[in-house]
2 protein chains.
Amino acid sequence: MESRQLLIETMSELMWERGYADTSPRDVRERSGVGQGSMYHHFPTKRDLAVAALERNVADLLPAVSELDGPGDPMARIEAYLMRPRDALKGCKVGRMTQDPQVREDPVLLAPVARAFAQVHLGWVKVLRAAVAAGELRTDLDPERLAHTLMAVLQGGYVLAIAQQDPGPFDAARTGVLELLRAAAPATTDDRHKMGE
Amino acid sequence: MESRQLLIETMSELMWERGYADTSPRDVRERSGVGQGSMYHHFPTKRDLAVAALERNVADLLPAVSELDGPGDPMARIEAYLMRPRDALKGCKVGRMTQDPQVREDPVLLAPVARAFAQVHLGWVKVLRAAVAAGELRTDLDPERLAHTLMAVLQGGYVLAIAQQDPGPFDAARTGVLELLRAAAPATTDDRHKMGE
């Protein structure tokens, strides 16, 4: 692997394992085997390297998000994205950075995270609008707000799973919101028929 | 303030500002003004002090949770707890610890967080069961799962707000789930009347 890529990979791993504050340029050099001269050539500061590592984590996240905008029934896409296999005890490499004390106070380090979340939000809004248009969700629900709700369920589900060291709460949280979405479908012809009886 | 309390307060502040890894016993002594002898008398290790600080943060969180179990209409209690004023950009002092790399790998440090979340979950399950019993939520919704969903919305809402440095996504996420809960009410007499027309 090229030195630049190797440094980025290693920084991403170390930020994941130890957080930003606790990762030194020396740690990155020792694990990657890249020399000091090459490191400072590519990344003059630890912060520059951290930005590149965050951009890489964001790039890993986005292909899955594009599935929200794929073909097929909108509620089926919502279910597929919510329920796709995720390592609940590892959490989200992007979202977790908001809890790193030095990252959350640095607008430059937060910027890739903010951009990624804005893109995920856009994907959710589109599929939720499509679900409303398809008569799968009540028209009085607001897709913009609901998109934040669904993102929060996933991000918060990781927090619950890690606290209990059990993926159960993560799965319960996402299954619960899926059941709520289904319960928030407009009354079907079937229901109307039953109620009219 | 007594030295023991002062050490706990200071550790809580420093873990909040810098995380666990980046807080040294010396930092705690310098900020608290408590001497080394007294510190090691109360807390032989940094980890002992961190457990006490986490227990204190949990104790701060729990009074609000008891409101879920108060008098009055269950849905009104759900709304009041979801929408109570919270500092979205600061996040949850308890939940955030799950993202601290050294805390999340240490069962002793995670234990107070896990216990707190189990207690909050219990509070949510009770009020959600009461809402189902009062005819405010459909009987096919599962209070155990839904309790995890609502906790995840709050914990994840903080992540979204911090990423964007804007409390908006936190408020959108919790308002969105409240709207979903309302949309998941059983069909009312009114609806039935309209549909029967």
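Cut-offs and rules
Residues numbered from 1 in each chain as written. Chains lettered and ligands numbered in written order. Predicted model: local features only at pLDDT ≥ 70, side-chain atom pairs only at ≥ 80, totals over all residues. Heavy atoms only, no water. Helix = DSSP H or I, 4+ residues; strand = E, 2+ residues; numbered from the N terminus. Buried < 20%, exposed > 50% of the residue type's maximum accessible area, 1.4 Å probe, protein only. Contact = heavy atoms within 4.5 Å. Areas by Shrake-Rupley, 256 points an atom, 1.4 Å probe, with all protein chains shown as cover. Lys, Arg positive; Asp, Glu negative; His and termini not counted. Charge placed at Lys NZ, Arg CZ, Asp CG, Glu CD. Buried area = accessible area lost by both parts, 1.4 Å probe. Salt bridge = Lys/Arg side-chain N within 4 Å of Asp/Glu carboxyl O. Polar contact = N/O pair within 3.5 Å; in protein donor to acceptor, adjacent residues only side chain to side chain. Nonpolar A, V, L, I, M, F, W, Y, C, P; charged D, E, K, R; others polar. Least-squares fit on C-alpha atoms with pLDDT ≥ 70 in both. Arc of directions from axis to C-beta. pLDDT = per-residue confidence, 0-100. Phe/Tyr/Trp six-rings, centres within 6.5 Å; stacked < 30°, edge-to-face > 60°. Lys NZ or Arg CZ within 6 Å of the ring centre and 35° of its normal. Core = buried A, V, L, I, M, F, W, Y, C linked by side-chain atoms within 4.5 Å. UniProt positions renumbered as here; feature names shortened; annotations may be inferred. Disulfide = S-S within 2.5 Å.

Draft legend 1. Local environment of the overall build of chain A. Each helix and strand counted, chain A has 10 helices and zero strands in total. With the principal axes as the frame, chain A shows a C-alpha extent of 80 × 35 × 30 Å. For chain A, the proportion of its 197 residues judged to be buried stands at 52%. Across chain A, every contact between residues at least 6 apart in sequence was considered, and the portion connecting residues at least 24 apart equals 65%. Carbon and sulfur atoms make up 51% of the accessible area of chain A, which totals about 8500 Å². With 24 positive and 28 negative side-chain charges, chain A shows a spacing of 3 Å between the two charge centroids.

Draft legend 2. The arrangement of the interface of chain B and chain A in detail. Listed as interface residues are 55 residues of chain B and, on the opposing side, 55 residues of chain A. Both faces combined, the contact of chain B with chain A buries some 4500 Å², and carbon together with sulfur accounts for 68% of it. Contact with chain A buries area across many residues of chain B, yet Gln99, Arg104 and Leu180 of chain B alone supply 14% of it, more than any other trio. Our count for the contact surface shared by chain B and chain A stands at two salt bridges. Where arginine 145 of chain A meets glutamate 179 of chain B, a salt bridge forms, and the shortest distance between an N and an O atom there is 2.9 Å. Taken together, the connections running from chain B to chain A amount to 12 residue pairs in polar contact (both at pLDDT 80 or more). With 15 residues, helix 8 (residues 143-164) of chain B is the largest single contributor of residues to the side of chain B that touches chain A. By residue class, the composition of the side of chain B that touches chain A is 28 nonpolar, 15 polar and 12 charged.

Draft legend 3. Region of the structure containing the side chain of serine 12 of chain B. Residue and element names in this part refer to chain B. Within the secondary structure, serine 12 is located in helix 1 (residues 3-18). On the basis of relative accessible area, serine 12 is assigned to the buried category, the value being 3%. Apart from residues lying up to four places away in sequence, serine 12 is in contact with Ala53, Arg56, Asn57 and Lys93.

Draft legend 4. A look at the relation of the copies chain B and chain A. Each copy of the sequence occupies a distinct position, and chain B is placed on chain A by a rotation of 180° and an axial shift of 0.0 Å, giving an RMSD of 0.0 Å. Interpreted geometrically, this transformation is the action of a two-fold axis. Across chain B, the smallest distance between a C-alpha and the rotation axis is recorded for glycine 156 of chain B, namely 1.8 Å. Take the interface residues of chain B: 100% of them recur as interface residues in chain A, which is what a same-surface contact looks like.

Draft legend 5. Quick peek at helix 5 (residues 74-83) of chain B. Residue and element names in this part refer to chain B. Three or more residues of helix 5 are buried, namely Pro74, Met75, Arg77, Ile78, Tyr81 and Leu82. In a view along the axis of helix 5, the buried residues occupy a sector of 160°, so they form one face of it. Residues of helix 5 that are buried make contact with helix 4 (46-66), helix 7 (107-133), helix 8 and helix 9 (168-183).

Draft legend 6. Broad picture of the confidence of the model for chain A. On average, residues of chain A score 91 in pLDDT, and 94% of them reach the 70 mark or higher. Contacts of residues 189-197 of chain A to residues separated by more than four positions or lying in other chains number five contacts, the stretch itself having pLDDT below 50.

Draft legend 7. Region of the structure containing the packing of aromatic side chains. Overall, the coordinates contain four aromatic pairs over all chains when judged by the stated rule. Note on tyrosine 158 of chain B and phenylalanine 170 of chain B: the rings are 4.7 Å apart at their centroids and 20° apart in plane angle, and the pair reads as stacked. Of the two residues, tyrosine 158 of chain B sits in helix 8 while phenylalanine 170 of chain B sits in helix 9, which places them 12 residues apart along the sequence. Neither tyrosine 158 of chain B nor phenylalanine 170 of chain B differs from the other in exposure class; each is buried. The ring of tyrosine 81 of chain A has arginine 86 of chain A lying over it, and the distance from NZ or CZ to the ring centre is 4.8 Å. Positioned over the ring face of tryptophan 16 of chain B is lysine 93 of chain B, at 5.8 Å from the centre of the ring.

Draft legend 8. Structural context of the nonpolar core. Grouped together as the largest cluster of nonpolar side chains are 128 residues, with contacts concentrated most on Met15, Ile78 and Trp124 of chain A together with Met15, Ile78 and Trp124 of chain B. Non-local contacts of methionine 15 of chain B, meaning those with residues more than four positions away in its chain, are made with Tyr20, Thr23, Ala50, Ala53, Leu54, Arg96, Met97 and Val103 of chain B.

Draft legend 9. Molecular detail of the UniProt feature "DNA-binding region" (unreviewed entry) in chain A. Under the UniProt annotation, "DNA-binding region" (unreviewed entry) lies at residues 24-43 of chain A. Between the end C-alpha atoms of residues 24-43 of chain A there is a gap of 13 Å, over a span that is 75% helix and 0% strand.

Draft legend 10. Focus on unusual backbone geometry. Residues and elements named next belong to chain A. With a phi angle near 50°, glutamine 165 is a residue other than glycine that sits in the positive phi range. With respect to the secondary-structure elements, glutamine 165 resides in the loop between helix 8 (143-164) and helix 9 (168-183). For glutamine 165, a relative accessible area of 42% gives the class partly exposed.

Draft legend 11. Broad picture of the state of the cysteines. This structure, assessed with the given rule, holds zero disulfides over all chains. Counting only cysteine sulfurs, cysteine 92 of chain B is the nearest neighbor of cysteine 92 of chain A, a cysteine outside any disulfide, at a range of 18 Å. Residue classification places cysteine 92 of chain A among the buried residues on the basis of a relative accessible area of 9%.

Draft legend 12. Representation of the side chain of aspartate 27 of chain B within the structure. Residue and element names in this part refer to chain B. Relative to the elements of secondary structure, aspartate 27 occurs in helix 2 (residues 25-32). Judged by relative accessible area, which is 19%, aspartate 27 ranks as buried. For aspartate 27, the side chain forms a polar contact with the main-chain nitrogen of serine 24, separated by 2.9 Å. When residues no more than four places from it in sequence are discounted, the contact partners of aspartate 27 are Leu14, Arg18 and Asp22.

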